[in-house]
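Descriptive structure summary
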Amino acid sequence: IFGHSHGCLAAYGLAKRLGSRVLKLYVAARRPPTLPLLDEVWGVGRGSEIRDLSDEALLGGLLGAWRNKVLESLSGQALTPAVRQILATVREQYSSPCAPGGSAELESALKPEAQIAAPILAIACSQELAKGETAEKMEGWKSLTASFELRTVNAQHMDCLAGANSETVNLVL
């Protein structure tokens, strides 16, 4: 099972559910669900609090944690309808009770048993920002399995799967 960024939560949940039928879990560019993300990126402890953030605050958190060339070029300008739609999608993803990411929600995310049967290969990006998904944070996946490996690719958060970045593809295939 493979997950990138926010998709790692769903991949982890699926691996927990499938148990020994999973051969390996690959997680790219996402801290483990044992570490709060929302607190660090947006200063909130629950996903439901994301809904109350202004579009500007939501965008500021995004750009402070994960580089994004398109959104960075628009920072400081009036938000276009396209950017507002992107922010609406981000707001839905991070406020969903299906993917808890704040410190007030972590316990519910890890019940009943946090550890999975499958080995985990975590893929960190060397160009992550300090508030992003650094290799140090990704090391936390180790507590969720008996067999863990961390690899780092020379990429930014959003381009570690880009066609030109064969490092990530080679680790998975």
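Above this text you will find the structure in question.
Let's talk about the packing of helix 3 (residues 55-65) against helix 5 (residues 81-95)
At their nearest, the axes of helix 3 and helix 5 sit 10 Å apart, and the two run at 75° to each other. Taken together, the axis directions place helix 3 and helix 5 in an arrangement best described as roughly perpendicular. Residue-level inspection shows Asp 55, Glu 56, Leu 58, Leu 59 and Leu 62 of helix 3 in contact with helix 5, the latter providing Arg 84, Leu 87, Val 90 and Arg 91. Its residues assigned to classes, the contact of helix 3 with helix 5 comprises five nonpolar, no polar and four charged.

What about the sheet that holds strand 4 (residues 148-153)?
One open sheet accounts for four strands, arranged 1-2-3-4; its pairing is parallel. Looking at strand neighbours, the two that pair on one side only are strand 1 (2-4) and strand 4, the edges of this open sheet. Neighbour-to-neighbour, the strand axes of this sheet turn through a mean angle of 15°, independent of strand direction. Sheet topology places strand 1 next to strand 2 (residues 25-28); three bridges connect them, and they run parallel. Among the inter-strand pairings, Phe 2 is bridged to a residue of strand 2, identified as Tyr 26. Sheet strands touched by helix 1 (residues 7-18): strand 1 and strand 2. Its angle to strand 1, the strand with the most contacts, is close to 155°.

A closer look at the packing of aromatic side chains
Enumeration over the complete set of coordinates arrives at four aromatic pairs. What links up through ring pairs into an aromatic cluster is the set Trp 42, Trp 66 and Tyr 94.

Here's the deal with the pairing of strand 3 (residues 120-125)
Among the six residues that make up strand 3, six are buried, leaving the element largely enclosed by the rest of the structure. Neither face of strand 3 is open: one carries Ile 120, Ala 122 and Ala 124, the other Leu 121, Ile 123 and Cys 125, and all of them are buried. The pairing of strand 2 with strand 3 spans four bridges and is classified as parallel. The residue bridging Tyr 26 from the neighbouring strand is Leu 121, located in strand 3. Sheet topology note: the strand 3/strand 4 ladder contains six bridges and is parallel. Residue pairing for strand 4: Ile 123 is matched across the bridge by Arg 151.

The rules we used
Residues numbered from 1 in each chain as written. Predicted model: local features only at pLDDT ≥ 70, side-chain atom pairs only at ≥ 80, totals over all residues. Heavy atoms only, no water. Axes fitted to C-alpha atoms, helices over the stretch in contact; angles between N-to-C directions. Helix = DSSP H or I, 4+ residues; strand = E, 2+ residues; numbered from the N terminus. Parallel < 35°, antiparallel > 145°, perpendicular 65-115°, else oblique. Contact = heavy atoms within 4.5 Å. Nonpolar A, V, L, I, M, F, W, Y, C, P; charged D, E, K, R; others polar. Pairing = 2+ DSSP bridges. Phe/Tyr/Trp six-rings, centres within 6.5 Å; stacked < 30°, edge-to-face > 60°. Buried < 20%, exposed > 50% of the residue type's maximum accessible area, 1.4 Å probe, protein only.

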